[in-house]
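Per-entry structural report
Residues per chain are reported as follows:
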Amino acid sequence: MTRVAFLGLGHMGLPMAKNLVAAGHEVHGFDLIPAAIEAAGAAGIPVAASGAEAVADAEVVVTMFPAGKHVIEAYRTELLAAARPGTLFIESSTIAVDEARAAHALALAAGHRHIDAPVSGGVVGAEAGTLAFMVGGSDDDFAAALPLLEIMGKRIVHCGGPGLGQAAKVCNNMVLAVSQIAVAEAFVLGERLGLEHQALFDVVSQASGQCWALTTNCPVPGPVPTSPANRDYQPGFAGALMAKDLGLALQAIEQTSTDARMGRLAQELYAAYAAGDGAARDFSGIITEIRG
């Protein structure tokens, strides 16, 4: 049994924490949002009065925060000082690569261990324990974290040194956004040419255009009954989160002077989508932006 502090008990964090409890680990949580605190209590997870209190006796600290600035602030103001020497920090928020490396440096300077381990798979994956983890950090710290990651996820990949888990996440989500837009554009074009949705799906899902954005996250109702399109684009993975992740991708594109024109266009489209109703809708609802 490992004593785990889990900070950030939202739509992703709470089911991840619950899976750790179900596997026999001792989990203490913390969140600033009253609804999240109430949900954690209902799930039988004790919630500390502060982040510092939550991490004080922990062997491992998992953080799942909205943005990098929250991670850096929490590390600097209370978490690193309150944790016992040698605590393993697993940073599972999706943040910029340079922020992940800054968090890593802060943790090591305070006498702790650290990996960045962002996730893919959404709320469904968090609940089912089938998330994908992209991990950056040392071999030893990856090995120490692996038993816990395997409870929360199905596929865990050690991508390299500090920050490279976040690098993989940024690249993956750029691919996902571009493919989701391409699938949506194809369905809109098919509609205007007179193609039935099912006919187009039957062709593309078995041809060279096959991809996750089509076969799992189909942006039109019908062909994939479990896709968000069949529940009025309730997320899933919200458009606001995709816009945020593409903002991180754009930052990396500019820092590395990469000629990524499709990534830039995807960022523009999702920024516009998230500025309206798309912020709280599934990112596959980008098809409504394309229809105009």
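Residues numbered from 1 in each chain as written. Predicted model: local features only at pLDDT ≥ 70, side-chain atom pairs only at ≥ 80, totals over all residues. Heavy atoms only, no water.

**Thoughts on the pairing of strand S5 (residues 113-116)**
Across 4 bridges, strand S4 (residues 88-91) lies against S5 in parallel orientation. The partner of Leu 88 across the bridge, within S5, is Arg 113. Of the crossover connections in this fold, the one passing from S4 over helix H5 (residues 97-109) to the parallel S5 is right-handed. (Pairing = 2+ DSSP bridges. Helix = DSSP H or I, 4+ residues; strand = E, 2+ residues; numbered from the N terminus. Right-handed = clockwise from strand over helix to strand, strands pointing away.)

**Here's the deal with the packing of aromatic side chains**
Applying the stated rule across the entire model yields 4 aromatic pairs. Ring geometry for Phe 237 versus Phe 283: centroids 5.7 Å apart, planes at 80°, classification edge-to-face. In this pair, Phe 237 is assigned in the loop between helix H10 (212-215) and helix H11 (239-255) and Phe 283 in the loop between helix H12 (261-274) and helix H13 (286-291), connecting sequence segments 46 residues apart. Across the pair, exposure class does not vary: Phe 237 and Phe 283 are buried alike. (Phe/Tyr/Trp six-rings, centres within 6.5 Å; stacked < 30°, edge-to-face > 60°. Buried < 20%, exposed > 50% of the residue type's maximum accessible area, 1.4 Å probe, protein only.)

**Some remarks on the environment of Val 55**
Tracing the sequence through the fold places Val 55 in helix H3 (residues 51-55). You can call Val 55 buried: its relative accessible area is 0%. On a C-alpha basis, the gap between Val 55 and Ala 5 in space is 5.4 Å, while along the polypeptide they are 50 residues apart. Val 55 has contacts with Ala 5, Leu 7, Val 61, Leu 79, Ala 82 and Ala 83, leaving out every residue within four places of it along the chain. (Contact = heavy atoms within 4.5 Å.)

**Structural notes on the environment of Ala 132**
Along the chain, the position of Ala 132 falls in strand S7 (residues 131-136). On the accessibility criterion, Ala 132 (24% relative accessible area) is partly exposed. In this structure, Ala 132 is in contact with Pro 118, Val 119, Ser 120 and Arg 155, ignoring residues within four places of it in sequence.

**Re the environment of Gly 68**
For Gly 68, the location among the structural elements is in helix H4 (residues 68-82). On the basis of relative accessible area, Gly 68 is assigned to the buried category, the value being 5%. A C-alpha to C-alpha distance of 7.5 Å links Gly 68 and Thr 94, two positions 26 residues apart in sequence. In this structure, Gly 68 is in contact with Ile 95 and Glu 99, ignoring residues within four places of it in sequence.

**Examining the pattern of salt bridges**
Under the definition given, this model contains 5 salt bridges. For Arg 291, the salt bridge goes to Glu 191, with nearest N and O atoms at 2.6 Å. Linking Arg 291 in helix H13 with Glu 191 in helix H8 (residues 164-193), this pair joins segments that are 100 residues apart in sequence. Between Arg 261 and Asp 259 there is a salt bridge, with its nearest N and O atoms 3.2 Å apart. A relative accessible area of 60% places Arg 261 in the exposed class. With relative accessibility at 59%, the residue Asp 259 sits in the exposed group. (Salt bridge = Lys/Arg side-chain N within 4 Å of Asp/Glu carboxyl O.)

**Remarks on H12**
For H12, with 14 residues, the first-to-last C-alpha span of 20 Å sits near the 20 Å given by 1.5 Å per residue. Along H12, the residues that are buried comprise Gly 263, Ala 266, Gln 267, Tyr 270, Tyr 273 and Ala 274. For H12, the angular spread of the buried residues around the axis is 130°, confining them to a single face. Exposed residues on H12 whose side chains face more than 90 degrees from its buried face are Arg 261 and Glu 268. (Expected span 1.5 Å × (residues − 1). Arc of directions from axis to C-beta.)

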